[in-house]
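# Observations on the model geometry
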Amino acid sequence: YLWGGLSAWGYDCSGLTWAMYRAHGITIPRDADAQFAAGTPVAVSRMLPGDLLFYEHPVVGHVAMYLGRGLMIEAPNSRSAVRIVPVRTSDFRGVRRFL
């Protein structure tokens, strides 16, 4: 994890999702709140791999990517590395799709 990171030196949460989309030729906004505002809302029951999961209230401050099978990849904070974990429901804000 690296706040504001967009490279092998480290990623922050939205830098990780931005870079994953960018690697596939898709440009999305850089920051989590802007990604949340720009994506198409998706019901949790219709999530697909590649959809973005957003967290924190009242302003979106965290984003992760859904991998399928109840898992997501995230760069959560400076105490943790990029990791794959079960999808969290605490402080959940919504799902957005860019594909």
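The structure this text deals with has already been given above.
Computed from a predicted model, the values in this text were never measured in an experiment.

### A closer look at the side chain of Glu74
- Examined against the element boundaries, Glu74 turns out to sit in strand S6 (residues 71–74).
- In terms of polar contacts, Glu74 uses its side chain to reach the side chain of Arg88, at 2.8 Å.
- Other than its neighbours up to four places away in sequence, Glu74 contacts Leu16, His62, Ala64, Ala81, Val82, Arg83, Val85 and Arg88.

### Quick notes on the nonpolar core
- One finds Tyr21, Leu52, Phe54, Val60, Val63 and Met65 to be the most contacted residues of the largest nonpolar core, which totals 13 residues.
- Elements with a contribution of two residues or more to this core: helix H1 (13–22), helix H2 (32–38), strand S4 (52–55) and strand S5 (62–68).
- Looking at which element gives the most residues to this core, the answer is H1, with three residues.
- What Leu52 contacts, discounting residues up to four positions off in sequence, is Thr17, Tyr21, Ile28, Gln35, Val63, Ala64, Met65, Gly94, Val95, Arg96 and Phe98.
- Formed by nine residues, the second largest nonpolar core is a distinct cluster that contains Met47, Tyr55, Met72 and Val85.

### A look at the sheet that holds S5
- One open sheet accounts for six strands, arranged S3-S8-S4-S5-S6-S7; its pairing is antiparallel. Of all the strands in the sheet, the pair left with one neighbour each is strand S3 (40–42) and strand S7 (83–86). Direction aside, neighbouring strands of the sheet carry axes that sit 40° apart on average.

### Digging into H1
- Taken across its 10 residues, H1 has seven buried, putting it largely inside the fold.
- Tucked inside the fold, the buried residues of H1 contact strand S1 (6–7), strand S2 (10–11), H2, S4, S5 and S6.

About the thresholds
- Residues numbered from 1 in each chain as written.
- Predicted model: local features only at pLDDT ≥ 70, side-chain atom pairs only at ≥ 80, totals over all residues.
- Heavy atoms only, no water.
- Helix = DSSP H or I, 4+ residues; strand = E, 2+ residues; numbered from the N terminus.
- Polar contact = N/O pair within 3.5 Å; in protein donor to acceptor, adjacent residues only side chain to side chain.
- Contact = heavy atoms within 4.5 Å.
- Core = buried A, V, L, I, M, F, W, Y, C linked by side-chain atoms within 4.5 Å.
- Buried < 20%, exposed > 50% of the residue type's maximum accessible area, 1.4 Å probe, protein only.
- Pairing = 2+ DSSP bridges.
- Axes fitted to C-alpha atoms, helices over the stretch in contact; angles between N-to-C directions.

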